[in-house]
Amino acid sequence: MTVTIDHALYRRLFAGVNEQGYSLDGWTRAPWTPELRAAEQLVIDAAVAGGMVYEHDPAGNLWITDPNAPADGLIAVGSHLDTVPKGGAFDGVLGVVGGLVAVLALRAAGVPNVERLAVISFADEEGSRFNTPCFGSRTMVGMFGDEVADAQDKDGISIRDVGPKRPADAAGLQRRIAAYVEIHVEQGLALDPAEVSLGIATSLSARGRWEWGVVGEANHAGTTPMAGRRDALVRAAEFVLSVQRTAIAHDGAVATVGRITPWPGGTNVVPGRCSGTLDVRALNNATRDAVVQALVEEFPDIAIEHKSTDDAAIFDPALIADLHAAANELGVSSMDLPSYAGHDAGTLALAGVPSVMIFTRSPNGISHNPVEHSDESVCLDAVAVLAAALAQRS
Ligand SMILES: [Zn+2]
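Conventions used here
Residues numbered from 1 in each chain as written. Predicted model: local features only at pLDDT ≥ 70, side-chain atom pairs only at ≥ 80, totals over all residues. Buried ≥ 20, exposed ≤ 12 C-beta atoms within 10 Å, placed from the backbone. Helix = DSSP H or I, 4+ residues; strand = E, 2+ residues; numbered from the N terminus. Pairing = 2+ DSSP bridges. Contact = placed C-beta atoms within 7 Å. Domains from an automatic or database assignment. Nonpolar A, V, L, I, M, F, W, Y, C, P; charged D, E, K, R; others polar. Axes fitted to C-alpha atoms, helices over the stretch in contact; angles between N-to-C directions. Parallel < 35°, antiparallel > 145°, perpendicular 65-115°, else oblique. Left-handed = near helix turned anticlockwise from the far one by under 90°.

**Overview of the pairing of strand β8 (residues 198-204)**
Across the 7 residues of β8, 6 count as buried, placing the element largely inside the fold. One ladder, built from 5 bridges, connects β8 with strand β17 (residues 334-339); its direction is parallel. In the strand pairing of β17, Ile200 is matched with Asp336. Two strands pair when backbone bridges link them, and β8 and strand β16 (residues 313-314) are joined in this way by 2 bridges, in the antiparallel orientation. Note that in β16 the partner of Leu204 across the bridge is Ala313.

Quick look at the structure:
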């Protein structure tokens, strides 16, 4: 069987989606906006032209399926069409457009069980507007209930106002999916130095967010001698340096203090209090927790408050093997690659759906930025590898 990838269709859809929400300083398609709907419509039109049907589930995820799709056992591909504010052209788009082009190629080739192939464009993956990352997949697997629709953006507009009213009605739909594969632009710089085109994701990192606060004593910047000062910002600085040291000391861990707020914030006042954030990621949950525990023990005077954690997601070994085999057969270089970002594929994997991701080599390693890039030839290689791997499964 010959599977032919329609390069012209890929180009047309990729360019068309990226005409939506474009400005000189990047792409902005927030969820449930006209830009996002226009991008979805282009994908829908191409799918319908290829004989497929579509529907939005109660969480706003777009499902593109065969008219005779079975109730379960779907082999799904996809990603998301929303972006961060002023983001890049590849994050999300590549997985939806590339996934659809792969599925249409398999349909045209007449693979058996073609009715099992589906494309999903997940709603609000970035979560930038309402601070609800992976909204669509998390609602689907039951991690978010209907109350998530109360989340408000900075203007006080809620998800319920512009998007799904009862998103939790989508809960359990992941049980329709027997396998999920997401093509995504690499976010990091591992593939280019190795001169490898595709990274096959083995896992998504364990992640967590904390907030911390330290109390000192605010006092006059001139009349308070250096000896005996209780400068909260100086103590916070020691903490930040230790965050760096501690992460380096734990294999595969990264840790970041991204925001720090001294109080009262006067030029001539010794800071009396200081608060900040802490983001820790690691290849497994135990390492992530060990980093935080080491900080808790080193800084008994700093209150470290847990905000959220996401456990490590392990991708499906059979899917990983299938993709490497398909790449090998097509002469496309590939290597295993863990990921340190959050993705819908990770949400599905944690919910027990066999899942995997294909990362496309990024020459600069930059993402969530208009300079985000993958060469078109690499993107089309990923589509071909995806189609070849799915041809074996369908
Ligand atoms: Zn993404």
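**Things to note about the environment of Val383**
With respect to the secondary-structure elements, Val383 resides in helix α11 (residues 376-393). Taking the C-alpha atoms as reference points, Val383 and Ala105, separated by 278 residues in sequence, lie 9.7 Å from one another. Residues contacting Val383, with those up to four places away along its chain left out, are Ile5, Tyr10, Gly98, Val101 and Ala102.

**Focus on the domain arrangement of the chain**
Think of interface size as the accessible area that goes away when the parts come together; that is how it is often given. Split into domains, the chain comes out as domain 1 (7-205 + 312-393) and domain 2 (206-310). Taking the mean C-alpha position of each, domain 1 and domain 2 sit 35 Å from one another. Listed per partner, the contact involves 6 residues of domain 1 and 9 residues of domain 2. Partitioned by chemical class, the residues of the side of domain 1 that touches domain 2 number 3 nonpolar, 3 polar and no charged.

**Here's the deal with the packing of helix α7 (residues 232-249) against helix α8 (residues 285-298)**
For any two helices packed against each other, the geometry comes down to the angle between their axes and how far apart the axes lie. Look at α7 against α8: their axes get within 10 Å of each other, and the N-to-C directions meet at 140°. On the basis of the axis angle, α7 is oblique to α8. The hand of the α7/α8 crossing is right-handed. Across the interface between the two elements, Ser242, Val243, Thr246 and Ala247 from α7 touch Val291, Ala294, Leu295 and Glu298 from α8. Partitioning the contact of α7 with α8 into residue classes produces 5 nonpolar, 2 polar and 1 charged.

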